[in-house]
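What follows is each chain in one-letter form.
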Amino acid sequence: MTNFLKKRIGRIVILTGAGVSAESGLNTFRDSGGLWEGYDPLDIATVGALDSNRDMVLDFYNSRRSQLNDCLPNLSHLAISSFQNNFSGHVFLITQNVDDLHERAGSPQVLHMHGSLKSMRCDYCAEEMKAIEMFEKSTICPSCGKAGKLRPDVVFFGEIPKQLDEINIEIEKADLFVSIGTSGIVYPAAGFVAHARNTGAICVEINKERSEVTNLFDTSYSGLATEEVPRFFSNLLLKNEI
Ligand code: BV8
């Protein structure tokens, strides 16, 4: 435990990755048995893959969407939402995850920088809408009535993540940046800690193991999210300690 808090912490940015949902039963990407095991991500999570093998890509996301029905938020989602709802300062939650577990845990604000399994988009009419549970290439768009161009509203490799301007403003104003359950491999999310450091935030990492960017954090806690996250946020809320 290190008490950095010579000054009061008023603004906090939290970034989460797949590790925060792992104990809810959702596979991460790069752990053993992960989503990318046996796949090359660029064969699935790219526009090229969608164009060349749409039904395979849609199946990959259909199965992840249906898996959401069988899982629940875990203690780390609940600790984050409780902190958001009780902290007197400003908290901004960014997730790389496309699941809805932060929302189901009661988080009042969640920015899905890589989109959401619960949303789909039609590339004919550009309409974003609630995702049909299981859809395929032949599924007709409810908005424009055409088939063949519905896709999950997730950000593929090579596509620009959502609301980066808002994210950068929040990071630049933050007193504290907390990264939870991410390997620090995928950019621009993996670059947020460097940006936060450069603009004066204290940076804390909570992860099962060292990530690609652990050395950029002022302090990091290794362990399971369901153990470390509740401990961290209760110390911060009750004792103003990190
Ligand atoms: C961009 C889709 C330009 C949704 C994802 C070549 C060509 C094109 C692009 C690039 C290129 N080279 C580099 C790039 C950039 C590329 C990139 O970073 N590639 C990497 C592979 C090098 N990035 C992009 O393409 C991005 N777009 O660059 O556009 C641009 C950008 C800005 C401004 C202008 C232009 C788009 C990136 C988004 C790609 N989409 N997914 C989906 O399917 O979900 S990526 C996917 O992996 C996820 O979305 C997630 O964001 C990302 C990272 O995964 P993590 O969440 O970190 O999960 P991971 O399994 O890796 O790690 C889990 C961690 O949790 C582990 O550390 C583990 O130890 C820990 N853990 C596990 N269990 C627990 C735990 N911790 C605690 N408790 C536990 N129980």
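Residues numbered from 1 in each chain as written. Predicted model: local features only at pLDDT ≥ 70, side-chain atom pairs only at ≥ 80, totals over all residues. Heavy atoms only, no water.

### So, the sheet that holds strand β5 (residues 128–130)
In space, the three strands of this open sheet follow the order β5-β4-β6, with antiparallel pairing throughout. Because the sheet does not close on itself, it has two edges, and the strands there are β5 and β6 (150–154). Strand-to-strand, the axes of this sheet are offset by a mean angle of 45°, without reference to chain direction. Bridge count for strand β4 (residues 115–122) against β5 is three bridges, and the pairing is antiparallel. Directly across from R121, in β5, lies its bridge partner E128. Along the sheet face, helix α3 (residues 54–67) touches β4 and β6 and points at about 50° away from the line of β6. (Pairing = 2+ DSSP bridges. Helix = DSSP H or I, 4+ residues; strand = E, 2+ residues; numbered from the N terminus. Axes fitted to C-alpha atoms, helices over the stretch in contact; angles between N-to-C directions. Contact = heavy atoms within 4.5 Å.)

### Comments concerning helix α4 (residues 75–86)
For α4, built from twelve residues, the straight-helix expectation of 16 Å at 1.5 Å per residue is met to within 8% by its first-to-last C-alpha distance of 16 Å. Restricting attention to buried positions, one finds in α4 the residues S76, H77, A79, I80, S81, F83 and Q84. Looking at the buried side of α4, the elements it contacts are β1 (11–16), β2 (90–95), α5 (101–104), β7 (176–180) and α8 (225–239). (Expected span 1.5 Å × (residues − 1). Buried < 20%, exposed > 50% of the residue type's maximum accessible area, 1.4 Å probe, protein only.)

### Let's talk about the site of the ligand
Close to the ligand lie 35 residues, the nearest being R30, G158, T182, S183 and Y187. Contact between the ligand and R64: an oxygen atom at 2.8 Å from a side-chain N or O atom of the residue. Measuring from an oxygen atom of the ligand, one finds a side-chain N or O atom of E209 at 2.7 Å. Out of a free accessible area of 1,500 Å², the ligand has 77% covered by protein chains. In the shell around the ligand, the residues fall into 17 nonpolar, eleven polar and seven charged. When residues of the shell around the ligand are assigned to domains, at least three map to each of domain 1 (1–26 + 72–114 + 160–242) and domain 2 (27–70 + 119–154). (Near = heavy atom within 4 Å. Polar contact = N/O pair within 3.5 Å; in protein donor to acceptor, adjacent residues only side chain to side chain. Areas by Shrake-Rupley, 256 points an atom, 1.4 Å probe, with all protein chains shown as cover. Nonpolar A, V, L, I, M, F, W, Y, C, P; charged D, E, K, R; others polar. Domains from an automatic or database assignment.)

### A few points about the domain arrangement of the protein chain
Size of an interface, as often reported, equals the accessible area lost when the parts are brought together. By domain assignment, the protein chain separates into domain 1 (1–26 + 72–114 + 160–242) and domain 2 (27–70 + 119–154). Measuring from the centre of the C-alpha atoms in domain 1 to the corresponding centre in domain 2 gives 27 Å. Between domain 1 and domain 2, the residue contacts involve 16 residues of the former and eleven residues of the latter. Interface area for domain 1 against domain 2, summed over the two sides, is near 1,100 Å², with a carbon-plus-sulfur share of 55%. In terms of surface lost to domain 2, no three residues of domain 1 exceed L26, V98 and K162, which account for 40% of the buried area on that side. The tally of links between domain 1 and domain 2 comes to three salt bridges. The salt bridge partner of K162 is E128, with a shortest N-O separation of 3.7 Å. On inspection of domain 1 and its partner domain 2, the count reaches four residue pairs in polar contact (both at pLDDT 80 or more). Within the side of domain 1 that touches domain 2, the residues separate by chemical class into six nonpolar, four polar and six charged. (Buried area = accessible area lost by both parts, 1.4 Å probe. Salt bridge = Lys/Arg side-chain N within 4 Å of Asp/Glu carboxyl O.)

### Examining the sheet that holds strand β8 (residues 202–207)
One open sheet accounts for six strands, arranged β3-β2-β1-β7-β8-β9; its pairing is parallel. At either margin of the open sheet sits one strand with a lone partner, and together these are β3 (111–112) and β9 (219–222). As judged from the five bridges shared by β7 and β8, these two strands associate in the parallel manner. Bridge pairing links V178 to V204 in β8. Relative to β2, α4 is tilted by about 150°, and along the sheet it contacts β1, β2 and β7.

### Examining the state of the cysteines
With the rule as written, the count across this model stands at zero disulfides. The thiol of C144 is unpaired, and the distance to the nearest cysteine sulfur, on C122, comes to 3.7 Å. (Disulfide = S-S within 2.5 Å.)

### A few points about the environment of Y39
Tracing the sequence through the fold places Y39 in the loop between β1 and α1 (41–44). What makes Y39 partly exposed here is its relative accessible area of 42%. Not counting chain neighbours up to four residues away, the residues in contact with Y39 comprise I44 and F60.

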